Amino acid sequence: MTHTPGSERAEQAARISAKPWYRQLYVQVLVAIVIGIVLGWRWPDLATSMEPIGTTFITAMKMLIGPIVFLTIIGGIAGVADLRKVGLTGVKALTYFQVGTIVAMVTGLAAINIFRLGDGVHADPSTLDTSGDAGDYIEKGQHQHWWEFLTHIVPDSFFGPFVDGDILQVIFLAVIFGVAIKSVGKVGEPVIAGVNRLTEVVFKVLSFVMKAAPLGAFGAMAYAIGKFGLSTLTSLGSLILLFYVTSALFVVVVLGGVLAAYVKLNIFQLFRYFKEELLLILGTSTAEPALPGLMRKLQHMGVERSTVGLVVPTGYSFNLDGAAIYLSLATLYIAQATDTPLTVTQQLGLLAVMLLTSKGAAGVAGGGFIALTATLSTVGTVPAAGIMLVFGIDKFMSECRALVNFSGNAVATLFIAKWENTLDLARARAVLSGKVRDEEAPSAALAEEDSRTDASAAVEAGHKVPAHGDPGDDDTGDEGAGSAAAPVPAEVKP
């Protein structure tokens with residue numbers, strides 16, 4: 001019996017998927033989170049000493065985000081036949097981001113107006129201590145201008161954005177280089193080939209780093225619980241609960257509704273597909289370590305590389321649904337707690353300001369508080385010192401913000417891909433339903449090699465070469481543009 005390269009990969013994937021449950025990454029991360037919580041609860045002093053473990057892992061992941069974003073965007077632009085399509089995709093993405101941000105902020109405003117948790121606090125802003133980290137955020141926010149994110153996009157050196165981890169500047173450089181490489185025609189073809197090969201190498205390095213994900217989640221969670229304590233949850237537990245419930249409803253009802261109505265996919269299947277990334281975010285309290293996995297898995301679902309490369313990195317700076325909910329909810333809570341009355345018109349004005357100030361703090365440490373302070377300082381009605389009322393519980397709300405941000409960007413990419421006809425919907429459904437496993441995604445090198453092998457065999461046999469490569473690998477169907485022809489980064493396994 002003759003075995004095609006595709007059937008051999010399928011057999012290998014079946015053997016990989018049969019590995020014991022305890023070797024699954026999401027199981028290891030979940031167990032690590034539980035151990036971290038127990039350690040932080042019972043032995044807080046020991047738990048706080050685990051901080052270097054979590055921060056080192058997050059730093060290692062951030063080390064790769066810049067190169068991955070840069071290479072993926074260049075490869076995506078280079079793979080588009082018409083450069084005008086790149087610009088159109090960008091415009092559609094930014095439009096979606098703005099609409100999504102408005103809906104998220106309105107959701108937060110509605111929740112805090114209904115339950116009004118700040119009433120009865122009667123906090124005096126003049127008595128609030130604004131020293132330490134919170135004081136630094138207040139000072140930065142008071143000098144933050146809404147237009148600064150536009151001037152900040154252009155870096156003062158080529159390597160600066162990679163050193164500083166500034167994703168916005170990396171995106172700017174990648175778009176410029178991608179367009180330039182595409183514009184020079186055949187001269188740029190060797191560069192494009194080199195970019196694709198280098199992308200494979202970087203994703204392989206990522207797979208090595210991801211083996212330490214359980215340790216990173218353990219260290220970060222142990223430190224958070226040991227440092228801030230579970231008792232912190234009781235002081236403002238109602239506000240934390242309201243934020244979590246509001247966020248959950250937004251994700252399930254709003255994002256899930258958009259995904260079901262337009263893209264025709266199920267949000268809960270999407271959660272299951274991204275379970276490793278979601279648990280990683282839960283353990284580390286930041287969505288950045290999950291960015292490479294999001295990009296890789298979206299391509300495996302059937303989203304074209306060009307769409308993933310443009311929408312996901314941009315969304316990480318401009319499509320922060322969780323931060324938007326938090327920003328509007330916290331602003332109104334502070335107003336209520338400091339007995340600052342706000343009319344509906346004033347609240348809508350706050351929303352308009354938040355749409356601008358939230359962009360100014362994208363990618364900045366403490367960006368949520370800087371945006372919050374910038375909003376309050378710009379309006380001048382609500383005292384900026386009021387952020388001290390929510391500073392203590394911010395750590396316990398950051399996980400939720402990051403989870404919502406991640407979910408929002410996953411849905412946004414699928415939405416834009418469907419809009420641009422760059423989504424293989426049949427493959428996406430097959431992947432989400434478990435009919436096509438994540439391990440079956442070939443690397444770019446294997447795909448290219450198999451394509452050449454199949455073409456040679458077809459020529460020798462006198463047959464027509466299939467349009468999408470080896471028919472033995474075709475689980476995608478015909479709907480949508482698909483990503484079967486686009487390179488898919490190497491898998492990331494524990």
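Above this text sits the structure in question.
Residues numbered from 1 in each chain as written. Predicted model: local features only at pLDDT ≥ 70, side-chain atom pairs only at ≥ 80, totals over all residues. Heavy atoms only, no water.

Chemist: Go over the overall build of the protein, please, and point to the residues and values.
Modeler: Broken down by element type, the protein carries 24 helices and zero strands. Out of the 494 residues belonging to the protein, those deemed buried represent 52%. In the protein, the share of contacts with a sequence separation of at least 24, taken over all contacts with a separation of at least 6, comes to 84%. Summing over all exposed atoms, the protein offers an accessible surface of approximately 21,700 Å²; the carbon and sulfur share of this is 63%. (Helix = DSSP H or I, 4+ residues; strand = E, 2+ residues; numbered from the N terminus. Buried < 20%, exposed > 50% of the residue type's maximum accessible area, 1.4 Å probe, protein only. Contact = heavy atoms within 4.5 Å. Areas by Shrake-Rupley, 256 points an atom, 1.4 Å probe, with all protein chains shown as cover.)

Chemist: So, the nonpolar core: which residues are in play, and what are the values?
Modeler: Counting residues in each nonpolar core, the largest one holds 122 residues, and the members touching the most others are Leu-265, Leu-270, Phe-274, Leu-298, Met-301 and Leu-414. Contacts of Met-301, omitting those with residues within four sequence positions, involve Leu-265, Leu-270, Tyr-273, Leu-414, Asp-424, Arg-427, Ala-428, Val-431 and Leu-432. Counting residues in each nonpolar core, the second largest holds six residues, with Ala-32, Leu-39, Met-50 and Ala-222 among its members. (Core = buried A, V, L, I, M, F, W, Y, C linked by side-chain atoms within 4.5 Å.)

Chemist: Tell me what's going on with unusual backbone geometry, and back it up with residues and numbers.
Modeler: Even without being glycine, Arg-116 reaches a positive phi, approximately 45°. The residue Arg-116 is located in the loop between helix H5 (83–115) and helix H6 (132–142) in this model. Classification of Arg-116 as partly exposed rests on a relative accessible area of 37%. In this model, Asn-421 sits at a positive phi of 60°, which is unusual for a non-glycine residue. Structurally, Asn-421 is set in the loop between helix H22 (394–419) and helix H23 (425–432).

Chemist: Please give an account of the packing of aromatic side chains that cites residues and values.
Modeler: Counted according to the given criterion, the structure contains 15 aromatic pairs. Here Phe-70 and Phe-158 contribute two aromatic rings whose centre-to-centre distance is 6.0 Å and whose plane-to-plane angle is 85°, an arrangement assigned as edge-to-face. Pair noted here: Phe-70 is in helix H4 (residues 51–78) and Phe-158 is in the loop between helix H7 (148–152) and helix H8 (160–164), with a separation of 88 residues, a long-range link. Overall, Phe-70 belongs to the buried group, its relative accessible area being 11%. Here Phe-274 and Phe-406 contribute two aromatic rings whose centre-to-centre distance is 5.5 Å and whose plane-to-plane angle is 85°, an arrangement assigned as edge-to-face. One end of the pair, Phe-274, is in the loop between helix H14 (267–273) and helix H15 (275–284); the other, Phe-406, is in helix H22, and 132 residues separate them in sequence. (Phe/Tyr/Trp six-rings, centres within 6.5 Å; stacked < 30°, edge-to-face > 60°.)

Chemist: Please give an account of the pattern of salt bridges that cites residues and values.
Modeler: What the rule picks out here adds up to five salt bridges. Ionic pairing is found between Glu-288 and Lys-62, a salt bridge with its closest N-O pair at 3.4 Å. One end of the pair, Glu-288, is in the loop between H15 and helix H16 (291–301); the other, Lys-62, is in helix H4, and 226 residues separate them in sequence. Judged by relative accessible area, which is 26%, Glu-288 ranks as partly exposed. With a relative accessible area of 44%, Lys-62 lands in the partly exposed category. With a closest N to O distance of 2.7 Å, Asp-119 and Arg-116 form a salt bridge. A relative accessible area of 41% places Asp-119 in the partly exposed class. (Salt bridge = Lys/Arg side-chain N within 4 Å of Asp/Glu carboxyl O.)

Chemist: Outline H5, listing residues and values.
Modeler: With 33 residues, H5 extends 49 Å between its outermost C-alpha atoms, agreeing within 8% with the 48 Å of an ideal straight helix rising 1.5 Å per residue. Arg-116 sits one or two residues past H5 and shows a positive phi near 45°. (Expected span 1.5 Å × (residues − 1).)

Chemist: Outline the environment of Phe-97, supporting the account with residue identities and numerical values.
Modeler: By the secondary structure assignment, Phe-97 is in helix H5. Those residues within four positions of Phe-97 in sequence are excluded, and the remaining contacts are Val-311, Thr-314, Gly-315, Phe-318, Asn-319 and Ala-412.

Chemist: Describe the packing of helix H9 (residues 167–183) against helix H17 (residues 305–318), naming the residues involved and giving the relevant values.
Modeler: Close contact between H9 and H17 brings their axes to 9 Å; oriented N to C, the two are set at 145°. Like other packed secondary-structure pairs, H9 and H17 cross with a definite hand, here left-handed. Contacts from Ile-167, Leu-168 and Ile-171 of H9 reach H17 at Pro-313, Thr-314, Ser-317 and Phe-318. Looking at the contact of H9 with H17, its residues break down into five nonpolar, two polar and no charged. (Axes fitted to C-alpha atoms, helices over the stretch in contact; angles between N-to-C directions. Left-handed = near helix turned anticlockwise from the far one by under 90°. Nonpolar A, V, L, I, M, F, W, Y, C, P; charged D, E, K, R; others polar.)

On their own, these measurements won't tell you what the molecule is for.
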